[in-house]
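Overview (structure and organization)
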Amino acid sequence: MSYMSVLQCRISDLSNWTETWNEWGKDFSLSTGATGARMSQTMLGGEQAGIVMISFDWNSIDAAMNGLTAMNNEGRVIAAFKAAGVVSQGRSLMQIDQERGVPEGSYFSAIMMTGSPIAPADQAKDMDRNYGILSNYSVTGMRLMQAVAAGEMTGAYLNVTYTNSLDQLMVGSKEVFSNPEMLAQMKKHNIQVHRRSMSRIL
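Each value, and the rule that gives it
Residues numbered from 1 in each chain as written. Predicted model: local features only at pLDDT ≥ 70, side-chain atom pairs only at ≥ 80, totals over all residues. Heavy atoms only, no water. Pairing = 2+ DSSP bridges. Helix = DSSP H or I, 4+ residues; strand = E, 2+ residues; numbered from the N terminus. Axes fitted to C-alpha atoms, helices over the stretch in contact; angles between N-to-C directions. Contact = heavy atoms within 4.5 Å. Left-handed = near helix turned anticlockwise from the far one by under 90°. Buried < 20%, exposed > 50% of the residue type's maximum accessible area, 1.4 Å probe, protein only. Polar contact = N/O pair within 3.5 Å; in protein donor to acceptor, adjacent residues only side chain to side chain.

A closer look at the sheet that holds strand S7 (residues 157–163)
- The strand order S1-S3-S2-S8-S5-S7-S6-S4 describes a closed barrel built from eight strands, whose pairing is antiparallel. Ignoring which end each strand starts from, the neighbouring axes of this sheet average 35 degrees apart.
- Pairing of strand S4 (residues 86–101) with strand S6 (residues 139–149), which is carried by eight bridges, proceeds in the antiparallel orientation. Residue pairing across strands places Gln95 opposite Gln146, the latter belonging to S6.
- Packing of helix H2 (residues 61–73) onto the sheet brings it into contact with strand S1 (2–11), strand S3 (52–58) and S4, and relative to S3 it is tilted by some 130 degrees.
- On top of the sheet, helix H5 (residues 166–177) reaches strand S5 (107–114), S6, S7 and strand S8 (192–201); it is set at about 30 degrees to S5, its chief contact.

Overview of the packing of helix H4 (residues 120–134) against helix H6 (residues 180–188)
- Where H4 contacts H6, the axes come no closer than 11 Å and their chain directions differ by 145 degrees. Once H4 is placed against H6, the crossing between them reads as left-handed. For the pair formed by H4 and H6, the contact residues are Asp122, Lys125, Asp126, Arg129 and Asn130 on the first element and Glu181, Met182, Gln185 and Lys188 on the second.

Points about the environment of Ser5
- Here Ser5 shows up in strand S1.
- Owing to a relative accessible area of 2%, Ser5 belongs among the buried residues under this scheme.
- Here the alpha-carbon distance between Ser5 and Ile61, two residues 56 residues apart in the chain, equals 9.3 Å.
- Residue contacts for Ser5: discarding those within four places in its chain leaves Ile54, Ser55, Phe56, Trp58, Leu68, Ser92 and Leu93.
- A polar contact of 2.9 Å, which involves the side chain of Ser5, links it to the side chain of Trp58.

The values are spatial; any link to function lies outside them.
Here it is as structure tokens:
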């Protein structure tokens, strides 16, 4: 099982922190056991607008706990956060249930949903169908995740779609949400969409 931790923060000097991230921050995080690292900023998403998200992939929850502890204790990280005015807004852990393509691109869209559990085989079928559609619309990757430790969001599902064009993604999204199989699955599992945000990769 794979996981993704997400640190949400406000940053007063984003250019300062982005420079640090590119110079050594990302590489340092990977040295602590993370298998992937990304930084993004929510541009559209209600009260989430402006939030910077620093995300790490992990092979286990234990690996996440050890890696995050190492980052928190690193003097360079503490100093860099202070210099850039990084203020934490919370950290969450997501379980990666399904993944297609690669988590790369200029942007991503994140949809938060709730509903009854879906069997892994049905999840896989849904992802294959949806990615098959969206890959024709500038989409580079998709992740379906469930919140494991995320405050009031715990238990909810997050569908993240990576793309190089949000305009193209929205065209494809209309096709996905009008697909009869998708509509039947949403009805069967009482899937409710609660919010969508759109972010840029930094």
